[in-house]
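Here is what each chain is made of, one letter per residue.
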Amino acid sequence: MTGTEEFLFLSAELTGFGVGQLSATGLADTYRSLVLERAGPNRLDRLRAAVAAGAGRPPAFPDESVRELARAVVHLWYLGTWPGLAPADADRTADGTAGAPTDERVDRSADGPFVVSSRAYAEGLVWRTFGARAPGTIPQEHGSWSLPPSVEEPAGGPPGPRRGAATAPAGQR
């Protein structure tokens, strides 16, 4: 896995939101660094390859560790929390054979769920899917609960999942 832009394209494929929408959160660098630290570059590269091989179709993950990482990346973007990854022993296929090679630079013994930051919580995609703000993140007037939610269009595009095909430029798929 190389840069933040490539991570954004990968994340767009996994979350259903556009690259501009994800970039507008200002969290792409933070999330990319976190995923590299917790999952390692080899595992992230395997996820990127699996998604790229799908070419716009739902990806077929080669093993459970890649599927688990895909779920973790989606969880990260939607909720602003890192769900944690299973210990390295879980990098085995369903039949018990060794899965893809693990990244020796990753210490998963201390990996557990945590909230990345208060900003990550506030920018979670889950709030955008139904046109709301994260509770407790912005002050509101007395009685605001009696009004319907207002849907504001973020800088990166309309709220909610993007429509249409993938937006990765040719050569990155």
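Heads up: these notes are all about the structure in this document. Please read these numbers as outputs of a predicted model, since none were measured by experiment. (Residues numbered from 1 in each chain as written. Predicted model: local features only at pLDDT ≥ 70, side-chain atom pairs only at ≥ 80, totals over all residues. Heavy atoms only, no water.)

1. Quick notes on helix α1 (residues 4-15)
- A rise of 1.5 Å per residue sets the reference length of α1, with its 12 residues, at 16 Å; its end C-alpha atoms lie 16 Å apart and thus fit the reference within 8%.
- Among the 12 residues of α1, nine are classified as buried, and the element is accordingly described as predominantly covered.
- Here α1 has its buried residues at Glu6, Phe7, Leu8, Phe9, Leu10, Ser11, Ala12, Leu14 and Thr15.
- In the core, the buried residues of α1 are packed alongside α2 (19-23), α3 (28-39), α4 (41-54), α5 (64-79) and α7 (125-129).
- Of the residues flanking the end of α1, it is glycine 16, one or two places downstream, whose phi is positive at about 85°. (Helix = DSSP H or I, 4+ residues; strand = E, 2+ residues; numbered from the N terminus. Expected span 1.5 Å × (residues − 1). Buried < 20%, exposed > 50% of the residue type's maximum accessible area, 1.4 Å probe, protein only. Contact = heavy atoms within 4.5 Å.)

2. With respect to the nonpolar core
- Counting residues in each nonpolar core, the largest one holds 31 residues, and the members touching the most others are Val35, Leu47, Leu69, Val73, Trp77 and Trp82.
- Among the secondary structure elements, those contributing two or more residues to this core are α1, α2, α3, α4 and α5.
- No other element matches the eight residues that α5 contributes to this core.
- Residue contacts for valine 73: discarding those within four places in its chain leaves Phe7, Ser11, Leu14, Val35 and Leu47. (Core = buried A, V, L, I, M, F, W, Y, C linked by side-chain atoms within 4.5 Å.)

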